[in-house]
Amino acid sequence: MFDYHALLPEFILGATLLVVLGVDLLVAPRRRWLAGAAGIVGLLAAGVPLLTLAGVGGTREMFAGSYVVDDFALVVKGLFLVAGAIVLLASMSYLRGDRYYEGEYYFLILASIAGAVVMASARDLITMFIGLELVSAPAFLLAGWRKGDLRSNEASLKFFLIGVLSSAVLLFGMSLVYGTTGESTFTRIAGATAAVSGESAFVLGVLFTLVGFGFKIAAVPFHFWAPDTYQGAPLPVAAYLSVGSKGAGVVGLLTICYSAFAGARDVWGPALWVLAALTMTVGNLTALRQSNVVRLLGYSSVAHAGFILVPFAMAAAFEGPALEEAFFGSLTYLLVYAFMNLGAFAAVIAIAERTGSREIDDWAGLARYSPTLATLLGVFFFSLAGIPPLAGWFAKFVMFKAVLGDPGNAWGVSLAVIAAVNAVIALFFYARVLKAAFMDPAPESLPEGAPLSRPLAAALVITLAVTLAAGFYPQLLAFFGEAARGLALP
Amino acid sequence: MAEYFQDYITVAVFAGFGALLVAAAVGVGWLLRPSRPSAAKATAYECGIDPVGGGWSQTHIRYYIFALLFLIFDVEAAFIFPWAVRLEQLGLFALVEMVIFIVILLAGLVYAIRKGVLKWES
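Heads up: these notes are all about the structure in this document. (Residues numbered from 1 in each chain as written. Chains lettered and ligands numbered in written order. Predicted model: local features only at pLDDT ≥ 70, side-chain atom pairs only at ≥ 80, totals over all residues.)

**Quick notes on the overall build of chain A**
Then step 1. Within chain A, the regular secondary structure consists of 19 helices and two strands.
Then step 2. Computed over its C-alpha atoms, the radius of gyration of chain A comes to 21 Å, within 12% of the 23 Å expected for a compact globule of 490 residues.
Then step 3. Overall, the C-alpha framework of chain A stretches about 70 × 55 × 40 Å when taken along its three principal axes.
Then step 4. The buried share among the 490 residues of chain A stands at 60%.
Then step 5. Within chain A, contacts between residues separated by at least 24 positions form 80% of all contacts whose residues are at least 6 apart in sequence. (Helix = DSSP H or I, 4+ residues; strand = E, 2+ residues; numbered from the N terminus. Rg over C-alpha atoms; globule rule 2.2 N^0.38 Å. Buried ≥ 20, exposed ≤ 12 C-beta atoms within 10 Å, placed from the backbone. Contact = placed C-beta atoms within 7 Å.)

So, in structure tokens, the structure goes:
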């Protein structure tokens, strides 16, 4: 009746959630970090069946095709599990400092990751929506974790209101798609598209669905909540939002566009062209003016959403291998972005603990008194900017390669030019932070900071290793993108 | 598809007629009634008795938590009914599934008790 092997990662995550709650109840408050440790063990344990499933191979369909475990799902689930473990590592010392609600925090992060894992397999409008809500709902609470802090309240409220609005828009779009095609499973929607492709209600449904996901991945003009939320939320939560929550949105967009709306590429292709160009440009230009590092990273993650959207934009013009290349480009960008952005946030958490400030000006001369942290910051920021030989260059490379799949296409070339200009702008604001850290004189009295905690150091080491390794040896991450590209051709 | 959008004309007519009806009822009343305001008439109407306290009274958060816990088991009951009707056909598998479901909900109740949210003393 069930394919227990295929569902094992979800079952393990569910059991982990209960264990984390139990640990939170049973241990003394100063040992609550055990709940986080249990969470990390659970995430890694959930990764084991992914490996065995990959070893067996093949596509497993359940529930009449609405839940599918294929190579794409395995790769994306693996990404979310690893990203979740890194976020938990980066959270531990931060929560110790805040001293409240540790167990509940781990529980909610794990619940959100479970939602992302469900989304990776969802091939049905309703399953996808439930997965997306499971990703978002705990994140609303997490954004307001520091409930005594007004900024955190603002972050949570804005995120909640926008999140609910975007869910409503998404659901409305899905209802129009269901109403016109009469199907809710992606493959059957794709089959029924030809009969309704010109109808305004169907086109409207596709566009509303894009807008709904646009909010989730913080694409311009649906991005305005993101910087405020990142700034007010606890730093590890901001890291999770910029990778886990945004990644879930990208994964939803990838599956729904390339499989359900495969016949409506002439609708979502041009729409995402505009969205990609706007998102890159506005994100990068606004990031230029930020004085707070977290807001800067917020706008930088908006801009990266634009880069991820770039290969989508040309789908209407592409067929066959070029279309596959576009899918591969977006997915590989997401894989690389996840690690380097988590690394950047981990470095910012460490430096904020060391200097006691998140303002760029207060980080002046960081390299003099904390060269290791400054170097780490440099590696991750240069990787985000796309400087070889760090992982970011490879992400940009596949993105450009995908959008230029047809060199004669003026739309593709013009979008590539916009992306190239934006990559240069991005380098400027990343370099500005590094200039403060490396070239500006250190203050007279050095800030008294706590030493780097071990879990945070572990998170930094993991992300650094992946960022360096994937830059020198791109096949490391490209292999996973390559394995998952089959979804593009139904 | 044109028919699909034409259905919204019904909605528009309905909304317009509803707005008109309210406007007419209030407007005619406004035209006909005499106007003699007094302090007693301006007080809040509370089922005919004299109002006590302000309009912005606070309700204790524990009512909310009790309502939430009630809701969880309310939904559980809604799931159990169809399950119970079909249990003989579904067999052992469904029984195990439901036991797991209820155990998860009970874990939530145990959690709530251990966290002390069911204590009613102030």
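**Some points on the overall build of chain B**
Then step 1. Counting its regular elements, chain B contains three helices and zero strands.
Then step 2. In chain B, the succession of helices and strands from N to C terminus is α-α-α.
Then step 3. Compactness check: chain B gives a C-alpha radius of gyration of 27 Å against a globular reference of 14 Å for 122 residues, more than 25% above the reference.
Then step 4. Projected onto the principal axes, the alpha-carbon positions of chain B cover approximately 70 × 60 × 25 Å.
Then step 5. Every one of the 122 residues in chain B was classed for burial, and the buried ones make up 0%.

**Here's the deal with the environment of A:Q290**
All names here are of chain A.
Then step 1. Residue placement: Q290 occurs in the loop between α11 (265-287) and α12 (293-313).
Then step 2. Its 20 C-beta neighbours within 10 Å are what place Q290 among the buried residues.
Then step 3. In the structure, Q290 is positioned 82 residues away from T372 in sequence and 25 Å away in space, judged by C-alpha atoms.
Then step 4. Filtering out sequence-adjacent residues up to four positions away, Q290 remains in contact with R295, L296 and Y299.

**Side note on helix α2 (residues 33-56) of chain A**
Residues and elements named next belong to chain A.
Then step 1. When the terminal C-alpha atoms of α2 are compared, their 36 Å separation across 24 residues agrees well with the 34 Å that a helix rising 1.5 Å per residue should span.
Then step 2. Restricting attention to buried positions, one finds in α2 the residues A35, G36, A38, G39, I40, G42, L43, A46, P49 and L53.
Then step 3. Remark: G57 follows α2 within two positions and exhibits a positive phi of approximately 80 degrees. (Expected span 1.5 Å × (residues − 1).)

**Some details on the interface of chain B and chain A**
Then step 1. Contacts between the two partners involve seven residues from chain B and, on the opposite side, seven residues from chain A.
Then step 2. The dominant element in the side of chain B that touches chain A, judged by the number of residues it contributes, is helix α3 (residues 92-114) of chain B, at five residues.
Then step 3. Class assignment for the residues of the side of chain B that touches chain A results in six nonpolar, no polar and one charged. (Nonpolar A, V, L, I, M, F, W, Y, C, P; charged D, E, K, R; others polar.)

**A closer look at unusual backbone geometry**
Residues and elements named next belong to chain A.
Then step 1. Backbone torsion omega between V220 and P221 reads 5 degrees, so that peptide bond is classified as cis.
Then step 2. Summarising the element assignment, P221 is placed in the loop between α8 (200-216) and α9 (225-232).
Then step 3. Residue P389 is reached from P388 by a cis peptide bond, and omega for that bond is 5 degrees.
Then step 4. With respect to the helices and strands, P389 occurs in the loop between α15 (371-385) and α16 (391-403).
Then step 5. Of note, A64 is a non-glycine position whose phi angle comes to about 55 degrees, a positive value.
Then step 6. Mapped onto the secondary structure, A64 falls in the loop between β1 (60-62) and β2 (67-69).

**Quick notes on the packing of helix α13 (residues 320-355) of chain A against helix α19 (residues 475-484) of chain A**
Residue and element names in this part refer to chain A.
Then step 1. At their nearest, the axes of α13 and α19 sit 9 Å apart, and the two run at 140 degrees to each other. Relative to α19, the element α13 lies oblique. For α13 against α19, the interelement crossing comes out right-handed. The residues of α19 that touch α13, namely those facing F328, L331, T332, L335 and V336, are L477, A478, F480, G481, E482 and A484.
Then step 2. In the contact of α13 with α19, the residues fall into eight nonpolar, two polar and one charged. (Axes fitted to C-alpha atoms, helices over the stretch in contact; angles between N-to-C directions. Parallel < 35°, antiparallel > 145°, perpendicular 65-115°, else oblique. Left-handed = near helix turned anticlockwise from the far one by under 90°.)

**Concerning the nonpolar core**
All names here are of chain A.
Then step 1. One finds A276, V336, F345 and A347 to be the most contacted residues of the largest nonpolar core, which totals 195 residues.
Then step 2. Take this core: its biggest share by element is 23 residues, from α13.
Then step 3. When near neighbours in sequence (up to four residues on either side) are disregarded, A347 contacts L373, L376, L377, F380 and L460. (Core = buried A, V, L, I, M, F, W, Y, C linked by C-beta atoms within 7 Å.)

**Remarks on the packing of helix α6 (residues 150-181) of chain A against helix α7 (residues 186-196) of chain A**
Residue and element names in this part refer to chain A.
Then step 1. At a minimum axis separation of 9 Å, α6 and α7 run at an interaxial angle of 70 degrees. On the basis of the axis angle, α6 is roughly perpendicular to α7. Listed contacts from α7 to V177, T180 and T181 of α6 are I189, A192, T193 and V196.
Then step 2. Its residues assigned to classes, the contact of α6 with α7 comprises four nonpolar, three polar and no charged.

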